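Given next are the chains, with one letter for each unit.
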Amino acid sequence: MKRTPEEKLLNPRPGSKIADARDFGIDLTLTVSQLRLTPQQRIDNLQSGMRFHAELEKARKIGPLGKRGKG
Amino acid sequence: MIDLEKAITSLAGHDVDYVVVGGVAISLHSSGYITQDLDFCYSRSKENIRRLYHALSPFSPMPRNWPQDLPFIFDESTLRNGTNFTFDTSIGAIDLLGEVKGIGDYVDALANSVVYTIFGCEVRAFDLDALIVSKTAANRPKDHLVLPELLALKEALDPNEE
């Protein structure tokens, strides 16, 4: 019986491109989560990720506050 | 960071002929990759360049890293006189590509695209094969980071693979 895309991604056949991606360090459980979403939900996730990345970049520019923080 | 809703709805509202080709297309295909900009291949027809100008001009595009003391005018002539542009706009970074390495121009991009509906608009984006070909041809370090997941998705979604 043919396996579903999810089954293939979560249990890759040895020597497959999916196994290569897993060994490269791609978290394929996240790929599976994305596959379950609608295109709009994927884009909403992307936009959220962009916002988070922008916040991280702001924090990086400000630098650490020190062990005790602002106060 | 690009405001995708504003960009996509403006392009759709002006009937611009374009195909999303970069990180946003990769996300549409279920990758967790996060980009910061919108890259698209556009038709270089005179009429489309007019529509593209009207779609983007509200966002005051400026070439990325353009010297502050140098004037820049964004108009139809600017778009006609170039092919590929990297713009910073009031809604984020937008890259316009007249041609995509490994694929070709807009007609080729269109032939290698699929349609998604986002923000209530029909949006064409590179299919998985075109993304793999273009990322392989671009051959930059950041392309090598996304290729393994794209190849995995292609294999997972291929009904002929076990």
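The structure this text deals with has already been given above.
The rules behind each value
Residues numbered from 1 in each chain as written. Chains lettered and ligands numbered in written order. Predicted model: local features only at pLDDT ≥ 70, side-chain atom pairs only at ≥ 80, totals over all residues. Helix = DSSP H or I, 4+ residues; strand = E, 2+ residues; numbered from the N terminus. Rg over C-alpha atoms; globule rule 2.2 N^0.38 Å. Buried ≥ 20, exposed ≤ 12 C-beta atoms within 10 Å, placed from the backbone. Core = buried A, V, L, I, M, F, W, Y, C linked by C-beta atoms within 7 Å. Contact = placed C-beta atoms within 7 Å. Axes fitted to C-alpha atoms, helices over the stretch in contact; angles between N-to-C directions. Parallel < 35°, antiparallel > 145°, perpendicular 65-115°, else oblique. Left-handed = near helix turned anticlockwise from the far one by under 90°. Nonpolar A, V, L, I, M, F, W, Y, C, P; charged D, E, K, R; others polar.

*Asks:* Lay out the overall build of chain B with the relevant residues and their values.
*Replies:* Across its full length, chain B holds seven helices and nine strands. For chain B, whose C-alpha radius of gyration is 16 Å, the value lies close to the compact-globule estimate of 15 Å for 162 residues. Oriented by its inertia axes, the alpha-carbon framework of chain B measures out at about 55 × 30 × 25 Å. For chain B, buried positions account for 41% of its 162 residues.

*Asks:* Any details on the nonpolar core? Residues and values, ideally.
*Replies:* Residue and element names in this part refer to chain B. Val19, Val21, Phe40 and Cys41 are the most contacted members of the largest nonpolar core, which has 53 residues in total. No other element matches the five residues that helix H7 (residues 141–157) contributes to this core. In contact with Val21, not counting residues within four places along its chain, are Asp39, Phe40, Cys41, Leu97, Val100, Ala109, Phe126 and Ser134.

*Asks:* An account of unusual backbone geometry is needed here, citing residue identities and associated values.
*Replies:* All names here are of chain B. The phi torsion at Asn65 lies on the positive side, around 65 degrees, for a residue other than glycine. Among the secondary structure elements, Asn65 is positioned in the loop between strand S3 (62–63) and helix H4 (76–80). Of note in this structure, Asn139 is not a glycine but carries a positive phi near 60 degrees. Mapped onto the elements, Asn139 comes out in the loop between helix H6 (128–138) and H7.

*Asks:* Give me the lowdown on the environment of Arg64 of chain B, citing residues and values where you can.
*Replies:* Residue and element names in this part refer to chain B. With respect to the secondary-structure elements, Arg64 resides in the loop between S3 and H4. C-alpha separation for the pair Arg64 and Thr86, spaced 22 residues apart in sequence, amounts to 5.8 Å. Excluding residues within four positions of it along the chain, Arg64 makes contact with Thr86, Phe87, Asp88 and Ala93.

*Asks:* Account for the packing of helix H2 (residues 17–24) of chain A against H7 of chain B, with residues named and values stated.
*Replies:* Across the interface, H2 of chain A lies against H7 of chain B with an axial gap of 8 Å and an inter-helix angle of 150 degrees. Here H2 of chain A is positioned roughly antiparallel relative to H7 of chain B, judged by the angle of their axes. Of the two elements, H2 of chain A crosses H7 of chain B, and the hand of that crossing is left-handed. Along the contact surface, H2 of chain A presents Lys17, Ile18, Asp20, Ala21 and Phe24 of chain A, while H7 of chain B presents Pro148, Glu149, Leu151, Ala152, Glu155 and Ala156 of chain B. Its residues placed into classes, the contact of H2 of chain A with H7 of chain B shows seven nonpolar, no polar and four charged.

Geometric descriptors of this kind do not, in isolation, establish any biological role.
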